[in-house]
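What follows is the residue order along each chain.
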Amino acid sequence: MWTKRFLRLRKAYTEDSKKKLEGVDLIRAMISCAVQNDSPSYSVARFTGESFLLLGGFQLNYRTTFVVMSGIYLFFAFGEYFCVLLTVSKFDSLQKAINENKERDITLTKLTPKNVYQDFSLNPAITTMVFITQFILIFFVVSQRRGMLQHQFI
């Protein structure tokens, strides 16, 4: 699935800019295709694969699996930051990067928040209230589960 995403991106890039993906742009495209969750089928396949690796690996060798999965999760967590750093490293200044994007007539995507934590226009009290409510509910589930486990062993 990652390969299909990368080939589709490479084809769109070469058609739009009439240049090949190479160097920093190639690495950036590869990282972006791996870490972005814009396709539901890709996201489901990726998370399912990670889950099978995690569960199967923990049964075989806990320590090695923990190290490998921590590395994988760090890569996915910081992948977008790596892309930004690669982009900035390509130019002498941020203004040159902005000017090149304007020259290529790249339209920026309008961000639409999908949950309460992404919507910065909300009152901070609402976000805090939702966070506290979720924390309390998770606490109830964990404490109830812990109590059930203690009763089973007694």
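Computed from a prediction, not measured in an experiment: that's the story for all the values here.

Draft legend 1. Spatial organisation of a nonpolar patch on the surface. A cluster of nonpolar side chains, Phe131, Ile132, Phe135, Ile136, Leu137, Phe139 and Phe140, forms an exposed patch at the surface whose accessible area comes to about 730 Å². Inspection of the secondary structure puts Phe131 in helix H6 (residues 124–153). Judged by its relative accessible area of 47%, Phe131 falls in the partly exposed class.

Draft legend 2. Spotlight on the nonpolar core. Counting five residues, the largest nonpolar core consists of Phe6, Tyr13, Leu21, Ala29 and Cys33. Within the residue set of this core, elements represented by two or more residues are helix H1 (2–17) and helix H2 (24–35). If we skip the residues at most four places from it in the chain, Phe6 touches Leu21, Leu26, Ala29, Met30 and Cys33.

Draft legend 3. Just the pattern of salt bridges, in detail. Taken as a whole and assessed by the stated rule, the structure comprises two salt bridges. Residues Asp25 and Arg28 are paired through a salt bridge, measuring 2.7 Å at the closest nitrogen-oxygen approach. One end of the pair, Asp25, and the other, Arg28, are both in helix H2, three residues apart, so they sit about a helical turn from each other. The shortest N-O distance in the salt bridge between Arg46 and Glu50 comes to 3.1 Å. Placement of the pair is Arg46 and Glu50 together in helix H3 (residues 40–60), with a separation of four residues, close to one helical turn. No difference in accessibility class separates Arg46 from Glu50, as the two residues are buried.

Draft legend 4. Main features of the packing of aromatic side chains. Enumeration over the complete set of coordinates arrives at five aromatic pairs. Arranged with centres 5.4 Å apart and planes meeting at 65°, the rings of Phe75 and Phe76 form a pair that is edge-to-face. Members of the aromatic cluster, connected to one another through ring pairs, are Phe58, Tyr62 and Phe66. Here the basic side chain of Arg46 rests over the ring of Phe76, its NZ or CZ set 3.9 Å away from the ring centre.

Draft legend 5. Main features of helix H4 (residues 62–90). Over its 29 residues, H4 extends 40 Å from the first C-alpha to the last, a length consistent with the 42 Å expected when each residue adds 1.5 Å. The principal kink in H4, of about 50°, is found at Phe78. Every buried residue belonging to H4 is among Thr65, Met69, Gly79 and Cys83, and all of these are buried. Looking at the buried residues of H4, the elements they touch are H2 and H3.

Draft legend 6. Representation of the confidence of the model for the chain in the model. The predicted model of the chain averages 77 in pLDDT, with 78% of residues at 70 or higher. Here helix H5 (residues 94–103) stands out as the least confident element of the chain, with mean pLDDT 68; H4 is the most confident, with 85.

Draft legend 7. Representation of the side chain of Asp25 within the structure. For Asp25, a relative accessible area of 9% translates into the label buried. Excluding residues within four positions of it along the chain, Asp25 makes contact with Tyr13 and Lys90.

Draft legend 8. A look at the packing of H3 against H4. One can describe the packing of H3 onto H4 by two numbers: an axis separation of 7 Å at closest approach and a directional angle of 160°. Relative to H4, the element H3 is oriented roughly antiparallel. When the axes of H3 and H4 are compared, the crossing they make is left-handed. Contacts between H3 and H4 pair Arg46, Glu50, Leu53, Leu54, Gly57, Phe58 and Leu60 from the former with Tyr62, Thr65, Phe66, Met69, Ile72, Tyr73 and Phe76 from the latter. When the residues that make up the contact of H3 with H4 are grouped by side-chain class, the tally is 10 nonpolar, two polar and two charged.

Cut-offs applied
- Residues numbered from 1 in each chain as written.
- Predicted model: local features only at pLDDT ≥ 70, side-chain atom pairs only at ≥ 80, totals over all residues.
- Heavy atoms only, no water.
- Patch = residues over 30% accessible without salt bridge, like charges linked within 9 Å, V, L, I, M, F, W, Y side chains within 5 Å.
- Areas by Shrake-Rupley, 256 points an atom, 1.4 Å probe, with all protein chains shown as cover.
- Salt bridge = Lys/Arg side-chain N within 4 Å of Asp/Glu carboxyl O.
- Helix = DSSP H or I, 4+ residues; strand = E, 2+ residues; numbered from the N terminus.
- Buried < 20%, exposed > 50% of the residue type's maximum accessible area, 1.4 Å probe, protein only.
- Core = buried A, V, L, I, M, F, W, Y, C linked by side-chain atoms within 4.5 Å.
- Contact = heavy atoms within 4.5 Å.
- Phe/Tyr/Trp six-rings, centres within 6.5 Å; stacked < 30°, edge-to-face > 60°.
- Lys NZ or Arg CZ within 6 Å of the ring centre and 35° of its normal.
- Expected span 1.5 Å × (residues − 1).
- Bend = angle between axes of the 7 residues up to and from the residue.
- pLDDT = per-residue confidence, 0-100.
- Axes fitted to C-alpha atoms, helices over the stretch in contact; angles between N-to-C directions.
- Parallel < 35°, antiparallel > 145°, perpendicular 65-115°, else oblique.
- Left-handed = near helix turned anticlockwise from the far one by under 90°.
- Nonpolar A, V, L, I, M, F, W, Y, C, P; charged D, E, K, R; others polar.

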